[in-house]
Amino acid sequence: MATTVGPWLFIAHPRCRRKATMVHLYLLPSIVFLLKGAWGQVTISIPASPPAGNTSHQLPPHYLGLSIEFASLVDFSGPPGQPNGYTKTCLDGLRNIGRRPLHFRIGGTTQDRATFLEDQSTPIINKFPYFGADQPTNLTFGPGYFESLHQIASGDPVVFGLRFHNASGEKQAVVASRALKSIPELTAFSIGNEADWYSDPGFANVTEYENTIQSFYRVVAASVEDQMKPAVFQAGDTCCKPTFFPAEQISAGLKNTSEYVIEAVGQHHYFMAACTPETSSQINLEKLMNHQNTVAYLDTLRLDIAAVEKAGLTFVQSETNSIGCQGASGTSDSFGAALWTLDYALQLATRGVQRVDFHVGTNYRYAPFQPIQVNQTAPFTRPNYSALLALQAFLGAANASVRVSEVGTHDPYLAAYVAYEHEVPKRVALINTHIYNATADPTHPPKVTVSLEGASVSKVRRLTAAGADVRAGVLWSNQNWEGGCFPSGFELTEQAENGKVEVRNTEAVVVWLESS
């Protein structure tokens, strides 16, 4: 979570309230000036090649992923042989832009509450503590669960979560073998969810954790060696205690071995939290979408990313979203949160993160779409779905060599990212994170006029809504996607006037450059 106090930003994971990191906001005078909402003009220089620093690695085609709550998978996928059409349309809408595949991580809190029963005919049985609860206290799943997972993956890579808390490696090895038989898309396993937060029993330190989980890896690897040799794991998936973060795991002995390969090291992050009355009281849409807060928050990842890369491994954000504990209605499902989604995903790339799996679940307030009817509410799409469409459009074709750089704007609220294909600038994303609510005067929304120096504009597509606080009426390229993830309205491609692009407060644009 993040709370601004004077010139400092206090940052911690939602569940980790005992420790915080202080990051100084050096641009505070500019922030104070811009709070007045003045109109302005900005000139941004577009480097001819990716600049050193603040530039991503070459991104994989499946940079964008979804982390699906274990208990919610069948709601999203549908039972075997009965695919959820709403989900399929939403996912295909994201895949079809640039033919970019998605990535799926199946896990979350309920991963460590799951028991596999070979003779269970129903794909999943969730046992909820009370009506309307977000998550079951425990669940059982049968072979049909794997068929449902294959149904939603549709050829895209999958990381499958095995239970770790109060579980035996031998029993989970049976689950792993069964999963490999049914899910051809399965590329890796993850063991447990946020094990640094376990209790009854928990781990005293990261060394105990590493010793225990590596033993677990070996048991599973030996069991599946005829199906996956060497066995592949996504390590980490910790959340809360810095002494268990990736750099500490590597110091404690995390590495590839002859028995198994570490496909990636995952970490979980949420910007704020709705877990307790105390954390809920600190939720603030303006703080969430502010670009400088996002930059400061992600500065805390630098040491872990560097340690992972030095070890020859890959750092991924394997579970993340705006507000922990399933999100907050009115904030996570707002257009302001959609702008944060776009800014956050691109900022992660520039830090060296190789994949971002946005967490989703049934009735989770931050999920880009609700896949089934809940009570009297039919399936629907949230604003951040349109942000993911804009992200995929910015990243471009899956077969291109894409790198992303952040470039300076001299405006702490305005984020600018450049997509380079084969080291040539092709697209620019401009995200104006200065808050503008629909309750403000709609006839005079503040805006900034941007000139791109060193590049010629070909076309512009806009991500917009009436204000940060709205939960519907979001347009990407003039089309609304709330009706079953189908576009309504005609697609509008704008032309720049004299090479200048206007971006209203709480709005984003993707600019295609002439060379593209």
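A quick note: this is a predicted structure, and the numbers were derived from the prediction, not measured.

Rules of the game
- Residues numbered from 1 in each chain as written.
- Predicted model: local features only at pLDDT ≥ 70, side-chain atom pairs only at ≥ 80, totals over all residues.
- Heavy atoms only, no water.
- Helix = DSSP H or I, 4+ residues; strand = E, 2+ residues; numbered from the N terminus.
- Polar contact = N/O pair within 3.5 Å; in protein donor to acceptor, adjacent residues only side chain to side chain.
- Contact = heavy atoms within 4.5 Å.
- Buried < 20%, exposed > 50% of the residue type's maximum accessible area, 1.4 Å probe, protein only.
- Pairing = 2+ DSSP bridges.
- Disulfide = S-S within 2.5 Å.
- Phe/Tyr/Trp six-rings, centres within 6.5 Å; stacked < 30°, edge-to-face > 60°.
- Salt bridge = Lys/Arg side-chain N within 4 Å of Asp/Glu carboxyl O.

Caption draft 1: Seen up close, the environment of E194. Considering the arrangement of structural elements, one finds E194 in the loop between β11 (186–191) and α6 (206–223). C-alpha of E194 to C-alpha of C239: the two residues are 45 residues apart in sequence and 5.4 Å apart in space. Here H268 takes part through its side chain, which lies 2.9 Å from a polar atom of the side chain of E194.

Caption draft 2: Spatial organisation of the environment of N84. Here N84 lies in the loop between α2 (73–77) and α3 (85–95). Taking the C-alpha atoms as reference, N84 lies 32 Å from L285; in sequence the two are 201 residues apart. Every residue in contact with N84, bar those within four places of it in the chain, is listed here: D75, F76, S77, G78, P371 and I372. Here the side chain of N84 touches T87 through a polar contact of 3.0 Å, landing on its backbone nitrogen.

Caption draft 3: View of the pairing of strand β14 (residues 315–324). Summarising burial for β14: 10 of the 10 residues are buried, a large majority. In this structure, strand β13 (residues 260–273) lies alongside β14, joined through 8 bridges in parallel fashion. Looking at the pairing, V265 lines up with F315 of β14.

Caption draft 4: Main features of the state of the cysteines. Counted by the stated rule, this structure contains 3 disulfides. Paired by a disulfide, C239 and C240 hold their sulfur atoms 1.9 Å apart. With the S-S dihedral at roughly -85°, the linkage between C239 and C240 falls on the left-handed side. Neither C239 nor C240 differs from the other in exposure class; each is buried. Counting only the cysteines that take part in disulfides, in the order they occur along the protein chain, gives the pairing 1-6, 2-3, 4-5.

Caption draft 5: Inspection of the packing of aromatic side chains at higher detail. Counted according to the given criterion, the structure contains 30 aromatic pairs. Aromatic pair Y86 and F369: ring centres 6.4 Å apart, planes at 35°, arrangement tilted. On the criterion of sequence distance, the pair formed by Y86 in helix α3 and F369 in strand β16 (residues 369–370) is long-range, its members being 283 residues apart. Residue Y86 is classed as buried on the basis of its relative accessible area, which comes to 15%. Here the aromatic rings of F116 and F146 are separated by 5.6 Å at their centres, their planes lie at 45°, and the arrangement is tilted. Taken as a pair, F116 in strand β7 (residues 114–116) and F146 in helix α4 (residues 143–153) lie far apart in primary sequence, 30 residues in all.

Caption draft 6: Representation of the pattern of salt bridges in the model. Scanning the model with the defined rule gives 17 salt bridges in all. With its nearest N and O atoms 3.0 Å apart, the salt bridge here joins E502 to K447. Remark: K447 occurs in strand β21 (residues 447–453) and E502 occurs in strand β26 (residues 500–504); sequence separation between them is 55 residues. The class of K447 is partly exposed, set by a relative accessible area of 23%. Each of K88, D92, R95 and D156 takes part in one network of salt bridges that share partners.

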